[in-house]
Structure formats: C-alpha cells, structure tokens
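Chain and residue survey
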Amino acid sequence: MRMPEPDRETLANRQTIAAELRRIVPGDGVIVDEDALRPFETDGLTAYRTLPLIVVLPETVEQVAAVLKYCHQNSVKVVPRGAGTSLSGGALPLADGVLLSLTKFKQILELDYENRCARVQPGVTNLAISQAVDADGYYYAPDPSSQIACTIGGNVAENAGGVHCLKYGLTTNNLLGLELVTIEGEIIRIGGKHLDSGGYDLLGLLTGSEGMLGVVTEVTVRLLPKPECARALLVGFNSSEAGGDCVAAIIAAGIIPGGMEMMDHPAINAAEDFVNAGYPRDAQALLIIELDGPEAEVDYLIEEVSRIARENGASSIRISESEQERLTFWAGRKAAFPAVGRISPDYYCMDGTIPRAKLPLVLSRMREMSDKYGLRVANVFHAGDGNLHPLIMYDANVPGELDRAEDFGNDILKLCVEVGGVLTGEHGVGVEKRDLMGEMFTDEDMAQQQRVKCAFDPKALLNPGKVFPTLHRCAELGRMHIRQGQIPFPDIPRF
Amino acid sequence: MSDAQIFRPESAEQLLETMSWLVSEKMPVNLQGRGSKRLIGNPDRSATTLDLSAFTGISLYEPEELVMSAGAATPMAEINKALDQAHQMLAYDPPNFASLLGLADKESGSLGGMIATNLAGPRRIKAGSARDHFLGFQAVSGRGEAFKSGGRVVKNVTGYDLSKLMAGSWGTLGAMHQVTVKTLPRPEKSRTVLVQGVDADEARTIMSAALNSPNEVSAACWLPKSLAERSDVDIFRHLNNSCVALRVEGPGPSVQYRCKILRDRFKSEGKIEELHTSNSARFWREIRDVSPFAAKIDDRVIWKISVAPTAGPAILSQLSNLKNAEGFLDWAGGLVWLAVDAPKMGAESLVRDAVNRHGGHATLIRGPEKLRREISIFHPQPTPLAALSRRLKDNFDPFGLLNPNRMYPGT
Ligand SMILES: Cc1cc2nc3c(=O)[nH]c(=O)nc-3n(C[C@H](O)[C@H](O)[C@@H](O)COP(=O)(O)OP(=O)(O)OC[C@H]3O[C@@H](n4cnc5c(N)ncnc54)[C@H](O)[C@@H]3O)c2cc1C
Ligand SMILES: Cc1cc2nc3c(=O)[nH]c(=O)nc-3n(C[C@H](O)[C@H](O)[C@H](O)COP(=O)(O)OP(=O)(O)OC[C@H]3O[C@@H](n4cnc5c(N)ncnc54)[C@H](O)[C@@H]3O)c2cc1C
C-alpha cells in the first residue's frame, strides 16, 4: 500500500507548525516528541504504521476551527482521529499531516428524553451513551463490537454497524444532527432534533465519509426505549447451506430479529475454546438469533423461530431461559476476534457484504482460497444482512505471510463484488480497500465522489490517501469534456 | 412555446446521449418522472422537459433478501402490487398526495419520484424515510456523465453515500434511471389506540409517554375535532372528538398485549377507543396522504413543518390565529401539517419565524401558482450551509441545467 509522497516543505516546517498550533491549543495539547507520538502511529489495522507530523488534542470547537483554519491556510494535511479502532486504516497518520485527536471531547451535553435524543461530543464512546441513559430505560441502538472503545465521532465517520443493525439500522439511521467544522474553519450545524433535511441531506452524506469532508464536533443521536425483554436461540446446523436457508426462511416468515449472527465451524470452536459458552462443537454453522420486544411478542416469536429452525434441519436448538444464559450465548460471538487471536499469532479481519443467498457459494470458494494460500480462515457473519467477517489467520513473523493474507483478503472482497455484494459493509475503505475501489466503481463514479470532496475540501487536505486510489485535483475534476453533437436520437418520439 | 420540447429517452445510453447534448447546448431541463409532484415547487419550469417515464419495470425483487430494483419511473401502484403479493412494504409509508394536490390520476407517483422528494408517512418515527431505505442508483449527472452509487445490499459503506444526497434532491443533482430499495415484511396485524378529547398540549405528553415506553408504537398523531369529523373511517368519525392515535403493529398476540398496556396507561387522560386492522390501515392512510386537507373545495395553502416533537404543539398554537388555519400533528408532534387561507405570501414569514424559533424546516406543499412563484418553497438555509449546498450542486451540475430554481432560487 503506497501513501502519497510526504511534502518536504511541510516536514521541514514541523517546528514552526507546532509553535503555531501551540498558540491555538496551549498546554500539553500539542505533541511533537517521538515517544509521545508513538501510540498514535497506527489504528485497528496494525499492519500499517506511520508517525504523524504532530498530534494536536484540542478541547473546544473554537480550537478545532482555529487549527483547521491554520492548516488550510498553510496547506497542511489533517487526519481526524477518534479512538483509533478503525479496521481499515482510516485513522492512519500521515508523516506530513497533523493528527487531530478528538479524545478530549468527552462530554454528554444534553439528554432530551421527551424528544428521544442525546447531544454528545464526538469523543464520547459508543457505550458511554447507552450507559448514561440506561438507568432511565433508554439506549443508543448501533452497537459495534468495539463499543467500549470507539467514539461516536468515529462511528459517524465510518457509519458503524453492530449486531442489532438488522432491526434498528446503522449509525446513519440513528442520527438527528451534527456540528461540523470545515477545513476552512467554519462551524456548521446540520439537522437538530427534527427529522429530515429541508435541503440536501448533508447529514446522510457526512455519515460514512471517513473523516474526509470535515471534522465532527457534536453529534445528536436518537435514543430508543429499552425493549421489555430479549431472548436468544442458539441453533446448530450440519451445513452452512442449512443455516443460510434457515435465515432466509425466518425473514420470509416476516420476522426481523433484533440480531441474527452466524459462525462457521472454525469460529465456533475457537470461541468455545476461549469462553466455554456451550456451543455445539460439531456444528458446521451456528446461528445466534435474538428476539427483543414486548414479552408476549418475544415468547410467540421464539416458538415461531424454533419451528422454522427445525423445519430447516437444525441439529441442535437451545433457547435462553435467563438473562444470564442469553449473555452466555453472546459471549462466544462477542469474543470471536480475540478467540481467533488466541489460536493464531495474527489475524486479518475482512468485511464484505454479499446477497445472503450467495453464502454457500462464497464459503466454498473461500475454502478453496484457504487451500491455495495455505492460510486458515474463520467466519463470523451478520447473517441477517449478509455482512461477512472472514478472519484470516497468519503469522507476521513468517516472511511473506502478511502479503499472502492480504492477497487472500483481496480475493475474498473481489468475490463479494462478483456475486453482487460490496467491498465493505461497516469498516470503511480507508487505506485497506482503497486500491480495490475500481472493482466496484468506474473512474467516472469515483470522479463524482471526489467532486463531493471538492465541495468540502478543495485543497484535499482532509485525510488524503484514503478511500480513493488516486486523488485528482479539483480543478481537473471540474473540467468538462463537452462533446458537441447532433440533437440526440432524432428517430424517436419527441414533441 | 415554440421551442418547447420533450425528450423521452428509452435506455440508459439514450439518457446519457440526451444529457450530453443538453450540456453542449447549455439547455436547462425540467426532469419529470410521472409528474405526480409537478404542482410542488416553483411553477416556472424550463421549456425543455426530460421525461424519464420510459424507465419502468421491476428488474429484481427478492423478498427473502429484502431488496427490489426498478426503473426510476416505475409507478408506485406497480411497486405496491408486487410488495402486496409478497406481504411486504416500503416501511416508510410512502404518501400519495394525488388528492391533496387535486390530481385527476390518483395513482400517478413513481418510485424514483418518491425517493427524489424523500417523503415519508406516519411510520417515519420508527422506520425512517425514503433515504433510509434507498440502497443504490444509476444516474446521469448535469455534467452529462453516467455515475452510480451504493448497491443491492443494506450493509454498505463503500465510498460516499451518494444515495442520501440524491434522496430529497428533487432532481437537481442527476437524472436517476435505476434505483434499488430495501423492502420489509408487512406487520401481521395493526391496531390503533385512540385517546379522545385531548388538546395538542395534552397530546404531546401522551405521544411522548407512548413512544418512550417499550411498546414499539409505530405511529402517533393528533387530530383536532374539526378534522376528525372529516374522516372516512366511520368508527373514528362518529367519535366526534379530538384524538391522539397510537398505532401498534406486529404479531397478533403482541399487538393485543401492547394495546392493552396503552389503553390502561392512558385511560385517565381521555376516553379510549380502538381501531382494528382494516380501520387502522384506513385511518393511517388518511394521515399519510394528508386527507383532512384533500377535499376538492379546500384551496388553502398547505405547509409541511418538521420540528422537534415537543415543538409541534407550540408551532400549531402560534399559527392557529391565521385566517382559517387548521392543523394536525404527526410524527409524535414532530410533523405539523398546516392549512391556512393566505392570500398574502402564504403566511411565509410567520411560518418561517415560528419554525426558526425552535429549529426545523417548513416546506410549502400546496399553493396557487402565483404564490409558488413569489415565495421560497423550501426552508432558507443559514449562509454557510447554503454555500456548501451550492458547491455540491455545482459539482454535479455546473451549468445549473437540472431543474433550475426547483429547490432554491439560483440553483
Ligand atoms: C363485539 C365487537 C366489537 C368490535 N369493536 C371494534 C372496535 O373497537 N374497533 C374497530 O375498529 N372494530 C371493532 N369491531 C369490528 C371488527 O373488529 C372489525 O370489523 C373486524 O372484523 C375487522 O377485523 P380486523 O382484521 O380489521 O381486526 P382485528 O384486529 O384482526 O380484530 C380481531 C378480531 O377480534 C374481534 N374483536 C375486536 N374487538 C372486539 C371486542 N371488543 N370484543 C370482541 N371481539 C372483538 C373482531 O371481531 C375480529 O374478529 C368490533 C366487532 C365486534 C363483533
Ligand atoms: C475489535 C474491534 C471490533 C470492531 N467491531 C466493529 C463492529 O462491530 N462494527 C463496526 O462498524 N465497526 C467495528 N470496528 C471498527 C471500528 O471500531 C469502527 O469503525 C469505529 O466507528 C471507529 O471509531 P474510532 O473512534 O475508533 O475512530 P478512528 O479509528 O479514530 O477513526 C475512524 C475514521 O473516522 C475518522 N474520524 C474519527 N473521529 C472523527 C471526527 N470527530 N470527525 C471526523 N472524522 C473522524 C477518522 O479520520 C477515520 O477516518 C471494530 C474494531 C475493532 C478493533
């Protein structure tokens, strides 16, 4: 993976830039010391590391605006950063860029239950929002597995999902408003506590824009009342086909479970070794199906889903009889990543989405690839919405294994696109999938996306080197190739 | 007009060819799907029309995968028929404004038009609006270039989410010819709990308490007595009273159980009544389509006002003194439908001031041609936001050829 060549002039000006930033953010909010920069050199995609030019940790919106304005005026690149848990290298620093950390923005500004929303600063963790409103009977629905650590600002930038997305939507479906600082240092408020935009839907556009359009300094999220109860089923199958059929049958019966997760044989066993959740070790596929809502509904649906599971050849069915048991069912799934981490020195987490019906095909092709590359793979899968997380196991200390793991991963993602799916379901493109964008998009598609960036960031200073294989200059993108021509298709009706 | 012409491309290639030619001539066009929303917005349209009505037909519908792709101009009637057969729906309750706008053809809307206007009915508070169910599209920009975004799967963060930008852009950024949407199972049963004899402020408290309870209320509205009297749902009209309506949907036993909780909870607030499945469906169709203001003889101006749910009643009372003003609340108070006799500028400044005090936006949905020419249809944005929107527009349509003035003057 190649990053753009660092700008020499910026590198040479490091001390001046640091001094100027210190005038904006006094105290210890500007870091230049190499040891202190070290913790910022990577994010959740640890195979890539770069020391940032400078780290700045502002505490107020005005400071953020002043930092951005300064960087804009002096053409210094900026990489926004939340908790640094991105799995696609979205927060990977640039050697010639200021890393703008939002971790000091930790306040929950307002809880407005009557309007069912919370106004929070971007550095608040995902889980902290739900915890703050838990006692009052509410929660914030999107729940990425990284929720203890990841920030709501990072969730907005990546449009993060979680196991409850099937029923409750992704980040983008659970936001009401944002405060954004543009690279020019302008503070803009988008949305509020009302629904929908009176103009273009900038809230929707900014969600998932990977820190390339502006810096989020405040987020208004929707709160939901906690469901009356939740119960889960643990269903084993002798083949992934049967598991896939069961998922399709549940949805065809008109049931949208709160969560519906699948694990394959290697993932089941890795998780069972780690947490002893009581998973059926001999199953080829395991479904965790959670039903939430009013008790009467949950009891009814549990029966329905059990019936459908039996009809689809389930080899084992367990139904949680207590909250403790429900959590145990989930414990294995939630620990799937570290569990795989225990049986392999390193693993590489992929994130493609496929039309669900293609699951058996994709899994069997993946097994062939696993043989070809000589690397093991375990699969966890947001089964309801077709979002696949293959975990490729490798050893970075064995020369060539990382490259093989990456090639394997790329082949999987290409396969996802080939069967009608996409490169990334929730982790973002970042640097990781940047060079695969051409698998899904034509040059014209990507040019139009980059023109959107031009509207926000004409000098391409915000998080450059991410998402797009080549970042064209805005002047070039704006040029029109006008084709003088005849009046079109004169032979068809026109009046 | 002598130079009035209509282009009706029949394939993606012809659409691209047409747009390239329009660009080379710098000729502005009026984009039209099936024309069901033509009476919304500034009436001064370009002499040239780009008629997209040839892009019809459902090309893919896989109910178990919850996905449908169709030509952008596929009639909603066709979409609804296919969904009905599979016991599915577009969960955002797409409204049909044919009667409200006085159109002869009651089934004129298209799927693409529904998305381009980002409308949503009562289920908005639970399920989102058109933008939340819009997975991908293919389009031609005002630069005369083909582009696409999104895909056919729900979980997708590959590249910027241009679908969100296209939803609600009223055809000012590109001409969509193919769209893909998320479909969902239709709830097995629907019932509506009515709490009678409450004013808008009391309604606010009831709706908030209902939505804040774990009963998964999927719609909440309030109607004053004068509008309740206009309903075609007999059992409701005969109540002859102002009402809060709370909809509960899902499997049978669950619906009965939750309705009971709601009835018990609010019986001290007002007399309780219940609408069963078919009555409930008809009632919410009336709310969705703004039927209380859709009578043939009603020629008042209609404003659609989106605010924080708690602000709805306040806005209603601030505007209730206007001549012949009537209003009702949907979205648990967050949506105010206001009808007003307003010969002078449609009461625009009063409406805008009231909204600006709380934060939100107001859109003129119905009004005479002269008025629609004189006032701003959409809510004016603060300068920095307007500038940003303008730059976005320029990057899709640098010559301003697509639906000029449709959303904002000069764009
Ligand atoms: C005694 C009685 C009371 C009714 N009350 C209402 C009412 O309050 N609101 C309304 O909209 N329609 C009411 N109806 C009309 C009736 O529910 C509808 O016409 C029904 O046939 C339509 O079915 P559905 O699928 O729309 O309703 P569903 O919600 O499917 O109704 C389920 C069943 O319950 C029965 N039912 C409903 N309410 C009662 C009740 N209070 N006591 C006994 N059985 C009941 C209905 O007959 C129906 O078969 C009542 C009918 C009866 C016989
Ligand atoms: C173990 C593990 C499990 C995970 N599970 C999930 C999961 O289930 N679902 C899921 O969706 N993701 C998951 N992730 C990925 C990751 O946690 C999410 O992408 C998360 O949203 C990133 O948040 P962050 O605060 O760590 O952001 P960072 O990693 O710091 O940054 C991510 C991106 O957001 C930008 N950014 C951050 N803050 C701002 C801001 N305030 N304004 C503008 N841009 C900003 C950055 O520039 C970068 O492009 C997982 C990661 C790990 C390590």
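In this text, all values refer to a predicted model and were calculated from it rather than measured experimentally.

**Some points on the overall build of chain B**
Secondary structure summary: chain B contains 14 helices and 18 strands in total. Its C-alpha atoms give chain B a radius of gyration of 21 Å, near enough to 22 Å, the size a compact globule of 411 residues would have. Projected onto the principal axes, the alpha-carbon positions of chain B cover approximately 70 × 50 × 40 Å. Counting the 411 residues in chain B, one finds 65% classified as buried. Accessible area for chain B stands at about 14200 Å²; split by element, carbon and sulfur atoms hold 49% of it. Distance between charge centroids for chain B: 3 Å, based on 50 positive and 44 negative side chains.

**Points about the packing of aromatic side chains**
Tallying each qualifying case throughout the model produces 14 aromatic pairs over all chains. Here A:Tyr373 and A:Phe408 contribute two aromatic rings whose centre-to-centre distance is 5.4 Å and whose plane-to-plane angle is 15°, an arrangement assigned as stacked. Of the two residues, A:Tyr373 sits in helix H14 (residues 359–373) while A:Phe408 sits in helix H15 (residues 401–418), which places them 35 residues apart along the sequence. Overall, the relative accessible area of 12% leaves A:Tyr373 in the buried class. Grouped by ring-pair contacts, the aromatic residues B:Phe134, B:Phe137, B:Phe147 and B:Phe396 constitute a single cluster. The ring centre of A:Trp330 lies 6.0 Å from the NZ or CZ of A:Lys334, which sits over that ring.

**Thoughts on the side chain of B:Asn118**
For B:Asn118, the location among the structural elements is in the loop between helix H3 (111–116) and helix H4 (124–127). Apart from the residues within four sequence positions on either side, B:Asn118 is in contact with A:Asp196, B:Ser129, B:Ala130, B:Arg131, B:Ala167 and B:Gly168.

**So, empty space enclosed by the protein**
Applying the stated rule across the entire model yields six cavities of 30 Å³ or more. By volume, the largest cavity is sized at about 370 Å³. B:Leu31, B:Gln32, B:Gly33, B:Gly113 and B:Ala116 are the residues nearest the centre of the largest cavity, which is lined by 29 residues in total. If you list the elements that add at least two residues to the lining of the largest cavity, you get strand S2 (29–32), H3 and strand S9 (174–182) of chain B. Split by residue class, the lining of the largest cavity holds nine nonpolar, 15 polar and five charged. Along the walls of the second largest cavity sit 15 residues, with A:Gly384, A:Asp385, B:Glu65, B:Val153 and B:Val154 positioned nearest its centre.

**As for the state of the cysteines**
Scanning the model with the defined rule gives one disulfide over all chains in all. Summary of cysteine pairing: A:Cys416 is not part of a disulfide, and the nearest cysteine sulfur, belonging to A:Cys349, is at 12 Å.

**Topic: the sheet that holds strand S5 (residues 67–71) of chain B**
Residues and elements named next belong to chain B. One open sheet holds the five strands; their spatial order is S4-S5-S9-S7-S8, and the pairing between them is antiparallel. Looking along the sheet, the strands with just one partner apiece sit at the ends: strand S4 (58–62) and strand S8 (146–150). Strand-to-strand, the axes of this sheet are offset by a mean angle of 15°, without reference to chain direction. As paired strands, S5 and S9 are joined by five bridges and run antiparallel to one another. Residue pairing in the sheet places Gly71 in a bridge with Gln178 of S9.

**Concerning unusual backbone geometry**
Located in the positive-phi region is B:Lys26, a residue other than glycine, with phi close to 50°. Phi is positive for B:Asn405, which is not a glycine, with a value near 65°.

**Observations concerning the interface of chain A and chain B**
Listed per partner, the contact involves 106 residues of chain A and 91 residues of chain B. Where chain A abuts chain B, roughly 8200 Å² becomes buried across the two surfaces, and 57% of that area is made up of carbon and sulfur atoms. The tally of links between chain A and chain B comes to nine salt bridges. A salt bridge links B:Glu216 to A:Lys167; its shortest N-O distance comes to 3.6 Å. Where chain A touches chain B, the interface holds 37 residue pairs in polar contact (both at pLDDT 80 or more). Tallying contributions element by element places helix H17 (residues 443–456) of chain A first for the side of chain A that touches chain B, with ten residues.

**Examining the environment of A:Val56**
Residue and element names in this part refer to chain A. Along the chain, Val56 falls in strand S2 (residues 54–56). Classification of Val56 by relative accessible area gives buried; the value is 0%. Expressed as a C-alpha distance, the spacing of Val56 and Val30, which sit 26 residues apart in the sequence, is 4.5 Å. In contact with Val56, other than residues within four places in its own chain, are Val25, Gly29, Val30, Val67, Val98, Leu99, Leu100 and Ser101.

**Regarding the site of ligand 2**
Residue and element names in this part refer to chain A. Close to ligand 2 lie 33 residues, the nearest being Pro80, Gly82, Thr85, Ser146 and Thr151. Between ligand 2 and Ser146, the relevant distance is 2.6 Å, taken from an oxygen atom to a side-chain nitrogen or oxygen of the residue. At 2.9 Å from a nitrogen atom of ligand 2 is found a main-chain nitrogen or oxygen belonging to Val216. If ligand 2 stood free it would expose 970 Å²; the protein chains cover 93% of that surface. Looking at the shell around ligand 2, the elements that each hand over two or more residues are strand S3 (77–81), helix H6 (152–158) and strand S10 (215–222). No other element matches the five residues that H6 contributes to the shell around ligand 2. Residues from two domains meet in the shell around ligand 2; each of domain 1 (8–101) and domain 2 (108–225) gives at least three.

**Quick notes on the pattern of salt bridges**
All names here are of chain B. Within this structure, the stated rule accounts for 69 salt bridges over all chains. Asp93 is the partner of Arg247 in a salt bridge, and the nearest nitrogen-oxygen pair spans 3.2 Å. One end of the pair, Arg247, is in strand S13 (residues 243–250); the other, Asp93, is in the loop between strand S6 (88–89) and H3, and 154 residues separate them in sequence. Residues Arg247 and Asp93 agree in their burial class; the two are buried. Of the charged contacts, one joins Glu326 and Arg300 as a salt bridge, the two residues approaching to 2.8 Å between their closest N and O atoms.

**Describing the side chain of A:Ser320**
The topology assignment puts A:Ser320 in the loop between strand S15 (316–319) and helix H12 (323–334). Among all residues touching A:Ser320, those that are not within four sequence positions of it are A:Arg231, A:Ala232, A:Glu325, A:Arg326 and A:Phe329.

**Concerning the site of ligand 1**
All names here are of chain B. Close to ligand 1 lie Lys189, Arg191, Ile235, Glu273, Glu274, Leu275, His276, Thr277, Ser278 and Asn279, which account for all nearby residues. Thr277 places a main-chain nitrogen or oxygen 3.0 Å from an oxygen atom of ligand 1. Within the side chain of Asn279, one N or O atom sits 2.8 Å away from an oxygen atom of ligand 1. If ligand 1 stood free it would expose 790 Å²; the protein chains cover 39% of that surface. The residue inventory of the shell around ligand 1, partitioned by class, reads two nonpolar, four polar and four charged.

Rules and cut-offs
Residues numbered from 1 in each chain as written. Chains lettered and ligands numbered in written order. Predicted model: local features only at pLDDT ≥ 70, side-chain atom pairs only at ≥ 80, totals over all residues. Heavy atoms only, no water. Helix = DSSP H or I, 4+ residues; strand = E, 2+ residues; numbered from the N terminus. Rg over C-alpha atoms; globule rule 2.2 N^0.38 Å. Buried < 20%, exposed > 50% of the residue type's maximum accessible area, 1.4 Å probe, protein only. Areas by Shrake-Rupley, 256 points an atom, 1.4 Å probe, with all protein chains shown as cover. Lys, Arg positive; Asp, Glu negative; His and termini not counted. Charge placed at Lys NZ, Arg CZ, Asp CG, Glu CD. Phe/Tyr/Trp six-rings, centres within 6.5 Å; stacked < 30°, edge-to-face > 60°. Lys NZ or Arg CZ within 6 Å of the ring centre and 35° of its normal. Contact = heavy atoms within 4.5 Å. 1 Å grid on protein atoms, 1.4 Å probe; cavity = no way out; pocket = protein on both sides within 12 Å on 5 of 7 lines; lining within 4 Å. Points joined across faces, edges and corners; volume = space filled by probe spheres on them. Nonpolar A, V, L, I, M, F, W, Y, C, P; charged D, E, K, R; others polar. Disulfide = S-S within 2.5 Å. Pairing = 2+ DSSP bridges. Axes fitted to C-alpha atoms, helices over the stretch in contact; angles between N-to-C directions. Buried area = accessible area lost by both parts, 1.4 Å probe. Salt bridge = Lys/Arg side-chain N within 4 Å of Asp/Glu carboxyl O. Polar contact = N/O pair within 3.5 Å; in protein donor to acceptor, adjacent residues only side chain to side chain. Near = heavy atom within 4 Å. Domains from an automatic or database assignment.

Everything listed here is a matter of coordinates, which is why it stays silent on function.
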